[in-house]
Amino acid sequence: MFADRAKILIRSGKGGDGHCSFRRELYVPNGGPDGGDGGHGGDLIFEVDEGLNTIVDYRHKRKFAAEDGEQGGKRRCHGKDGKDLVLRVPEGTVIKESVSGKVIADMSGENRRQVVLKGGRGGLGNQHFATSTMQVPKYAQPGQPARELEVNLELKVIADVGLIGFPNVGKSTLLSRVTNAEPKIANYHFTTLNPNLGVVDLDGAKGFVMADIPGLIEGASEGVGLGHEFLRHIERTKLMIHVVDAAGTEGRDPVDDIHKINAELAAYNPEIAERPQVIAANKTDLIYDPEDDPVQRLKDEFEPKGIKVFPISGATGKGISDLLYYVSNELQKLDQKPVVFEQEYFPDDELIYEDLPYTVEQADGMYVVEGPKIEKMLGYTNLDSEKGFAFFQKFLKDSGILADLERAGIQEGDTVRMYGLQFDYYK
């Protein structure tokens, strides 16, 4: 079975707890705190593996967790950082948050590796909490908790051109003739059970990748037949070749066939139905009634709408070359950027909207912001990176902290302290 969907539970590593201990040596009274920091938890990372073409590895195992950071030790020993967990997926895999269905990452194009869940930061040992008034701190900071998320993995094949149409109209035969693909071909419905890809090479023209999508039938967008399982695979295609049985060997009308399949595309995703199409009127070698020319009827119906019709024969090869050169030329007119799904769900945003308390107070000539909400944000955010600093600014604004500081009377140039972080306030 072709595996192109899976639902899994992913978890980053928990940060190790800081250690609470005191230096004890002979002849060294009051040695002071020496508890070490906990290690950072491992990140949960997705990475493209060129050698994979299905996500079958995620069908049989559902839970994946990065390693937790180790607890800090005595004598200021730092706990070991947890190992990152890298989940390898085929190019074209889209990662979605399972409840909302929003895209977290599209592992295609330039995006070869993405950290989806960051591990928790390790807690500080009690050595950090010694002050002139608190010389024996019996407190160490706990590590930040792990982050967990249920995600759907969907593989959407990456092809420039998709072959669509009813079952048994000759899509696989056409693919086998023009590419190096070797799809299973037989004279019965649903011979093709998974998408097949092949590369079309043309003399004097730019080649392209073609995908044979399993046959659609009426009601496919509502779950009828097998085709609905693979409608997602045409979402990346720039152009579709609509293969139709022009000879009507199974008793269907070719014009009616095209209308029905286009109705299924529109029901699934109207934007896809608007993409460029070209009609391959196949099996012309089996047309025996010269008075009723189905190819001409197809041209009269669809060419006024801007859809070009090419009479071809997958069996003899007639007309296929003209079709391919036309498709290659049309592709050059379209946007050459690959179809990549934009990120819609940002796991870090949960830190902004999570209902955790915090306080804003004035102390020692500065504004002090503390509480579980701040502690958790700092535990997951790397402020040294451009992306992390941008998130920090968004966090302050969207969580209402900036508004609370302004209500407390903060002025430009005043200092703000958040645990170990200090910065000057400027609008």
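Computed from a predicted structure; not experimentally measured.

Draft legend 1. Geometry of the overall build of the chain. Looking only at helices and strands, one finds nine helices and 18 strands in the chain. In the chain, which comprises 427 residues, the share counted as buried stands at 46%. Residue pairs in contact within the chain that sit at least 24 positions apart in sequence constitute 72% of those at least 6 positions apart. On the chain, roughly 21700 Å² of surface is accessible, and the fraction owed to carbon and sulfur atoms is 48%.

Draft legend 2. Main features of the pattern of salt bridges. Within this structure, the stated rule accounts for 18 salt bridges. Lysine 118 is the partner of aspartate 43 in a salt bridge, and the nearest nitrogen-oxygen pair spans 3.8 Å. Taken as a pair, aspartate 43 in the loop between strand 1 (5-11) and strand 2 (44-48) and lysine 118 in the loop between strand 7 (113-117) and strand 8 (148-155) lie far apart in primary sequence, 75 residues in all. Under the relative-accessibility criterion, aspartate 43 is labelled buried at 13%. Between arginine 297 and aspartate 253 there is a salt bridge, and its shortest N-O distance comes to 2.8 Å. One end of the pair, arginine 297, is in helix 4 (residues 294-302); the other, aspartate 253, is in the loop between strand 12 (239-245) and helix 2 (254-268), and 44 residues separate them in sequence. Overall, the relative accessible area of 32% leaves arginine 297 in the partly exposed class. Through salt bridges with shared partners, one network takes in Glu47, Arg88 and Arg113.

Draft legend 3. Representation of the nonpolar core within the structure. Within the largest apolar cluster, 33 residues are counted, with the highest numbers of intra-cluster contacts made by Phe208, Met210, Ile241, Leu323 and Val327. Listed by contribution, the elements that provide at least two residues to this core are strand 9 (161-164), helix 1 (171-178), strand 10 (196-202), strand 11 (205-212), strand 12, helix 2, strand 13 (277-282) and helix 5 (320-333). A per-element tally of this core places helix 5 first, with five residues.

Draft legend 4. Structural view of the sheet that holds strand 18 (residues 421-424). The sheet built from four strands is open, its strands ordered 15-16-17-18 with mixed pairing. Each of the sheet's edge strands pairs with one partner strand only, and the pair in question is strand 15 (359-363) and strand 18. On average, adjacent strands in this sheet sit at an angle of 25° to one another, irrespective of strand direction. Pairing geometry for strand 16 (residues 366-370) and strand 17 (residues 415-418), over two bridges, is parallel. From the neighbouring strand, valine 368 faces strand 17, where its bridge partner is arginine 417.

Draft legend 5. Broad picture of the environment of glycine 15. Among the structural elements, glycine 15 can be located in the loop between strand 1 and strand 2. Residue classification places glycine 15 among the buried residues on the basis of a relative accessible area of 1%. Expressed as a C-alpha distance, the spacing of glycine 15 and glycine 41, which sit 26 residues apart in the sequence, is 4.4 Å. Apart from the residues within four sequence positions on either side, glycine 15 is in contact with Gly39, His40, Gly41, Gly69, Gly120, Arg121, Gly122, Gly143 and Gln144.

Draft legend 6. Structural detail: the packing of aromatic side chains. What the rule picks out here adds up to two aromatic pairs. With 5.1 Å between their ring centres and 50° between their planes, phenylalanine 310 and tyrosine 326 make a pair best called tilted. A residue pair is termed long-range when its members are at least 10 positions apart, and phenylalanine 310 in strand 14 (residues 308-311) and tyrosine 326 in helix 5 qualify at 16 residues. Given a relative accessible area of 9%, phenylalanine 310 falls into the buried group. On the basis of relative accessibility, which here comes to 23%, the residue tyrosine 326 falls in the partly exposed class. Over the ring of phenylalanine 166 we find arginine 252, and its NZ or CZ is 4.4 Å from the ring centre. For the cation-ring pair, lysine 308 lies above phenylalanine 310, with the distance from its terminal atom to the ring centre recorded as 6.0 Å.

Draft legend 7. Geometry of the sheet that holds strand 1. Pairing in this open sheet of five strands is mixed, and the strands run 3-1-8-5-6 from one edge to the other. With one partner strand each, in any of the chains shown, strand 3 (63-65) and strand 6 (103-107) form the two edges of the open sheet. For this sheet, the mean inter-axis angle between neighbouring strands, taken without regard to orientation, is 25°. Bridge count between strand 1 and strand 8: seven bridges; the pairing is antiparallel. Among the inter-strand pairings, alanine 6 is bridged to a residue of strand 8, identified as leucine 153.

Draft legend 8. Highlighting the packing of helix 2 against helix 4. With their axes 9 Å apart at the nearest point, helix 2 and helix 4 run at an angle of 40° to one another. The pairing of helix 2 with helix 4 is recorded here as oblique in orientation. Judged by residue contacts, Pro254, Val255, Ile258 and His259 of helix 2 engage Pro294, Arg297, Leu298, Glu301 and Phe302 from helix 4. Taken together, the residues that form the contact of helix 2 with helix 4 break down as six nonpolar, one polar and two charged.

What counts, and at which threshold
Residues numbered from 1 in each chain as written. Predicted model: local features only at pLDDT ≥ 70, side-chain atom pairs only at ≥ 80, totals over all residues. Heavy atoms only, no water. Helix = DSSP H or I, 4+ residues; strand = E, 2+ residues; numbered from the N terminus. Buried < 20%, exposed > 50% of the residue type's maximum accessible area, 1.4 Å probe, protein only. Contact = heavy atoms within 4.5 Å. Areas by Shrake-Rupley, 256 points an atom, 1.4 Å probe, with all protein chains shown as cover. Salt bridge = Lys/Arg side-chain N within 4 Å of Asp/Glu carboxyl O. Core = buried A, V, L, I, M, F, W, Y, C linked by side-chain atoms within 4.5 Å. Pairing = 2+ DSSP bridges. Axes fitted to C-alpha atoms, helices over the stretch in contact; angles between N-to-C directions. Phe/Tyr/Trp six-rings, centres within 6.5 Å; stacked < 30°, edge-to-face > 60°. Lys NZ or Arg CZ within 6 Å of the ring centre and 35° of its normal. Parallel < 35°, antiparallel > 145°, perpendicular 65-115°, else oblique. Nonpolar A, V, L, I, M, F, W, Y, C, P; charged D, E, K, R; others polar.

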